[in-house]
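Listed here are the chains, written in short residue letters.
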Amino acid sequence: MKEVRVRYAPSPTGHLHIGGARTALFNYLYAKHYNGKFIFRLEDTDLERNIPHGEASQLENLEWLGIIPDESPVNPGAYGPYRQTERLDLYRDYAKKLIELGYAYECYCTPEELAEARNQQEAAGKFSYRYNRKCLDLTTEQKAQYIAEGRKPAIRFKVDVDKTYTWHDIVRGEISVPGKDISDWVIIKSNGIATYNFAVVIDDALMKISHVFRGEEHISNTPKQIMIYEALNMELPAFGHLTLIVNEERKKLSKRDETIMQFISQYRDEGYLPEAMFNFFSLLGWSPEGEEEIFSKEEIITMFDEHRLSKSPSMFDRKKLFWIDNQYIQKEDLITISEMCTKYLEAELPINSKDEGWLTKIIALFRPQLNYCKEIISLVKPFFEPFNIKDEDLAFINELNGKELLIAIKDKFEKMDDFETEIIKSTIKETGKELSIKGKNLFMPIRIAVSNEHHGGDLPTVLELYGKEQVIANIEKTIKLL
Ligand code: GLU
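A brief report on the enclosed structure follows.

Parameters at a glance
Residues numbered from 1 in each chain as written. Predicted model: local features only at pLDDT ≥ 70, side-chain atom pairs only at ≥ 80, totals over all residues. Heavy atoms only, no water. Helix = DSSP H or I, 4+ residues; strand = E, 2+ residues; numbered from the N terminus. Rg over C-alpha atoms; globule rule 2.2 N^0.38 Å. Buried < 20%, exposed > 50% of the residue type's maximum accessible area, 1.4 Å probe, protein only. Contact = heavy atoms within 4.5 Å. Pairing = 2+ DSSP bridges. Axes fitted to C-alpha atoms, helices over the stretch in contact; angles between N-to-C directions. Phe/Tyr/Trp six-rings, centres within 6.5 Å; stacked < 30°, edge-to-face > 60°. Core = buried A, V, L, I, M, F, W, Y, C linked by side-chain atoms within 4.5 Å.

This paragraph deals with the overall build of the protein. Secondary structure assignment for the protein yields 20 helices and 11 strands. The C-alpha atoms of the protein give 32 Å as radius of gyration, which overshoots the globular expectation for 482 residues (23 Å, by more than 25%). Overall, the protein is about 105 × 50 × 40 Å in size when its C-alpha atoms are taken along their principal axes. The buried share of the protein, reckoned over its 482 residues, is 50%. Across the protein, the fraction of contacts at a sequence separation of at least 24, relative to all contacts at a separation of at least 6, is 76%.

In this structure, Tyr165 sits in strand β5 (residues 164–169). Of the residues examined, Tyr165 reaches a relative accessible area of 3% and is grouped as buried. Once the C-alpha coordinates of Tyr165 and Ser176 are considered, the two residues, 11 residues apart in sequence, prove to be 5.5 Å apart. Setting aside its immediate chain neighbours within four residues, Tyr165 contacts Asp160, Ile175, Ser176, Val177, Gly179, Pro223, Ile226, Met227 and Glu230.

This part is about the sheet that holds strand β3 (residues 104–107). Spatially, β3-β4-β7 is the arrangement adopted by the 3 strands of the open sheet, whose pairing is antiparallel. Every other strand in the sheet has two partners, leaving β3 and β7 (186–188) as the edge strands with one partner each. Neighbour-to-neighbour, the strand axes of this sheet turn through a mean angle of 45 degrees, independent of strand direction. As paired elements, strand β4 (residues 154–157) and β7 share 2 bridges and run antiparallel to each other. When the bridges of β7 are listed, Arg156 appears paired with Val186.

Before going further, it helps to examine the packing of aromatic side chains. Evaluated as defined, the whole model comprises 22 aromatic pairs. With a centroid separation of 5.9 Å and an interplanar angle of 45 degrees, the aromatic rings of Phe26 and Phe304 are classed as tilted. Note that Phe26 is positioned in helix α1 (residues 18–33) and Phe304 in the loop between α10 (297–303) and β11 (314–315), a separation of 278 residues in sequence. Each member of the pair, Phe26 as well as Phe304, carries the same accessibility label: buried.

The next point concerns the nonpolar core. In this structure, Phe316, Ile376, Phe413 and Leu463 are the most contacted members of the largest nonpolar core, which totals 100 residues. For this core, the element with the highest residue contribution is α1, accounting for 9 residues. Core analysis: the second largest hydrophobic core is formed by 38 residues, Phe157, Ile193, Ala194 and Leu232 among them.

Keep in mind these values describe shape, not function.
Shown next, in the form of structure tokens:
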């Protein structure tokens with residue numbers, strides 16, 4: 001088998017989007033499964049739309065996910081340059097060659113003339129526009145005349161209308177498009193810049209790309225790309241068009257969709273674990289055999305099988321992402337999770353007043369509940385809020401006959417020297433036994449009196465974290481209001 005070389009070729013017009021990350025990931029998995037190379041190439045010819053640091057941001061976010069290119073503009077291999085803006089002459093040379101071979105021609109039509117031709121075709125009832133080939137057979141004199149008028153030519157590919165372009169798509173099987181459905185298209189614009197469909201072929205061919213996995217929106221581009229390979233007698237890669245990612249309403253993912261965070265950096269900012277994202281994205285359009293869904297990067301690489309790429313749209317299921325991230329948060333080293341969570345807490349709450357032991361303990365307490373690390377803020381926040389019990393909660397405590405219990409437990413807590421989880425636990429149990437109270441009737445009044453909340457972590461741990469003084473003070477305040 002020839003060497004597998006795949007690529008991810010973003011435009012630096014934005015940050016790494018979840019759709020792009022999925023495409024990059026599947027290419028990466030394919031490369032690594034077959035001991036091949038994953039190449040990062042930049043499609044940066046749309047200068048006006050490029051954003052500052054777009055390239056670095058794309059690379060950084062990919063690397064955060066664990067998708068490390070073997071070749072890229074900053075780590076070039078033998079097939080550079082890896083930025084299209086540095087390859088413009090190359091495209092012009094190949095365009096010239098296509099003209100010489102009779103596969104392409106200069107077109108001097110102005111945008112106004114083209115619009116006019118389009119309107120005429122529409123008026124005549126032709127709805128799929130085709131360029132009218134006005135410039136197909138221009139004489140040298142006609143060209144000289146246009147140039148004298150100040151016109152600059154674009155270069156068009158002359159589509160063979162009798163041909164059918166067929167490929168075996170790795171995801172979808174055989175796809176055929178008749179040449180008569182494709183207009184003579186521009187390969188070099190009048191400003192001298194190659195168009196995407198042309199440049200991508202020159203790049204893929206010269207970089208010896210063996211397989212192209214990309215989004216299904218590129219299916220309609222593939223016949224144009226095949227024409228170029230054939231005209232230049234270059235070897236075709238295999239194509240695989242990944243199905244759409246849809247939201248929970250089964251609608252195509254759009255950058256404006258506010259129900260889903262669109263950019264990888266947002267997940268990073270909220271404290272998702274990169275390994276969890278890698279795992280989640282691998283299941284977005286691919287499925288391993290069996291029911292298991294949590295796999296390490298190495299396991300996914302070993303198992304990856306292009307024949308199991310999905311043929312139907314894949315749903316971006318946030319609950320599943322939460323579940324996967326939660327699994328990784330629980331498995332991860334506590335020190336790592338503590339460091340991540342502390343960063344969020346420091347920014348929002350006065351945690352300087354607490355020691356490191358307190359922080360580690362509270363993070364360990366809430367870790368099993370975290371879908372992503374930033375959620376730690378809302379879980380820890382109640383510990384910093386002033387005592388403020390609601391009337392309905394006072395009524396609830398009364399309903400549970402909690403006053404007697406609170407008086408007894410306050411008394412016991414006051415006598416404790418070591419206010420520590422295990423001892424608190426046995427003290428609560430003992431008090432319950434003495435008063436013949438258990439379950440909800442035993443835990444709820446204490447929890448509400450101290451934290452003013454109905455939920456939280458394990459009660460004895462929560463009490464230890466509030467500290468003896470605060471626990472007694474809050475219970476006392478509650479008793480007075482009952
Ligand atoms: N820059 C293109 C995109 O982001 C690459 C398309 C391709 O992979 O051929 O969609």
